[in-house]
Amino acid sequence: MEARAIAKTLRVSPIKARLVVDLIRGKDVNVALNILNNMNKKPARLTKKVLDSAVANAVNNNGAKAEELYVKEARVDAGPVMKRHMFDSRSHIGHNDKRTSHIVITVASK
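Report follows, based on the coordinates. (Residues numbered from 1 in each chain as written. Predicted model: local features only at pLDDT ≥ 70, side-chain atom pairs only at ≥ 80, totals over all residues. Heavy atoms only, no water.)

### Describing the pattern of salt bridges
Throughout the structure, instances matching the rule amount to 8 salt bridges. A salt bridge links Arg-4 to Glu-73; the nearest nitrogen and oxygen atoms lie 3.4 Å apart. In this pair, Arg-4 is assigned in strand 1 (residues 2-10) and Glu-73 in strand 2 (residues 69-78), connecting sequence segments 69 residues apart. The partner of Arg-75 in a salt bridge is Glu-73, and the shortest N-O contact between them spans 2.4 Å. In this structure Arg-75 comes out as partly exposed when scored by relative accessible area, which is 30%. Several salt bridges converge on common partners, so that one network encompasses Arg-4, Glu-73, Arg-75 and Asp-77. (Salt bridge = Lys/Arg side-chain N within 4 Å of Asp/Glu carboxyl O. Helix = DSSP H or I, 4+ residues; strand = E, 2+ residues; numbered from the N terminus. Buried < 20%, exposed > 50% of the residue type's maximum accessible area, 1.4 Å probe, protein only.)

Right under this line is the structure:
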């Protein structure tokens, strides 16, 4: 029995978010929540919301028990890039790309 939650177009770089998501992949939900609660990073707060949503989907829609769930799949995909330009030295145009992420978390019962 699986349940999934997706958060799209989050204003955090995919590279930074993958560092956080790699820590919880394959772990029990309670252990993953403890890891995310003790991290002081923006991707950890966003990932915790997605994990809570996936657990709520499993409990409400599939009737699973929250204690028996583990993180089956956790991945971060690149979202659309907001491209911003700024003036650079010697009349050049510099780039300031604002990257976004899609966080996908799937939980399953053991």
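More follows now that the structure is in view.
### Focus on the packing of helix 1 (residues 14-24) against helix 2 (residues 29-37)
At their nearest, the axes of helix 1 and helix 2 sit 9 Å apart, and the two run at 145 degrees to each other. Here helix 1 and helix 2 pass one another in a crossing that is right-handed. Two secondary-structure elements touch here, helix 1 through Val-20, Leu-23 and Ile-24 and helix 2 through Ala-32, Ile-35 and Leu-36. (Axes fitted to C-alpha atoms, helices over the stretch in contact; angles between N-to-C directions. Left-handed = near helix turned anticlockwise from the far one by under 90°. Contact = heavy atoms within 4.5 Å.)

### Quick word on the pairing of strand 3 (residues 82-87)
Put simply, side chains in a regular strand alternate between the two faces of the sheet. Here strand 3 lies mainly on the outside; 0 of its 6 residues are buried. Two strands pair when backbone bridges link them, and strand 3 and strand 4 (residues 93-98) are joined in this way by 6 bridges, in the antiparallel orientation. When the sheet's bridge partners are listed, Met-82 is paired in strand 4 with Lys-98. (Pairing = 2+ DSSP bridges.)

### Notes on a positive patch on the surface
Judged by side-chain charge, Arg-11, Lys-42, Arg-45, Lys-49 and Arg-84 come together as a positively charged surface patch. With respect to the helices and strands, the residue Arg-84 is situated in strand 3. Among the residues examined, Arg-84 registers a relative accessible area of 41% and is labelled partly exposed. (Patch = residues over 30% accessible without salt bridge, like charges linked within 9 Å, V, L, I, M, F, W, Y side chains within 5 Å. Areas by Shrake-Rupley, 256 points an atom, 1.4 Å probe, with all protein chains shown as cover. Lys, Arg positive; Asp, Glu negative; His and termini not counted. Charge placed at Lys NZ, Arg CZ, Asp CG, Glu CD.)

### What about helix 3 (residues 42-62)?
Relative to the 30 Å expected for 21 residues at 1.5 Å per residue, helix 3 spans 30 Å between its end C-alpha atoms, a close match to the ideal helical length. Within helix 3 the residues assigned to the buried category are Pro-43, Ala-44, Leu-46, Thr-47, Val-50, Leu-51, Ala-54, Val-55 and Ala-58. Positive backbone phi, at 70 degrees, marks Gly-63, one or two positions downstream of helix 3. (Expected span 1.5 Å × (residues − 1).)

### Section: the side chain of Ser-101
In this fold, Ser-101 is placed in strand 5 (residues 101-109). Not counting chain neighbours up to four residues away, the residues in contact with Ser-101 comprise Ala-7, Lys-8, Thr-9, Leu-10, Val-12, Ser-13, Pro-14, Ala-17, Val-76, Asp-77 and Gly-79.

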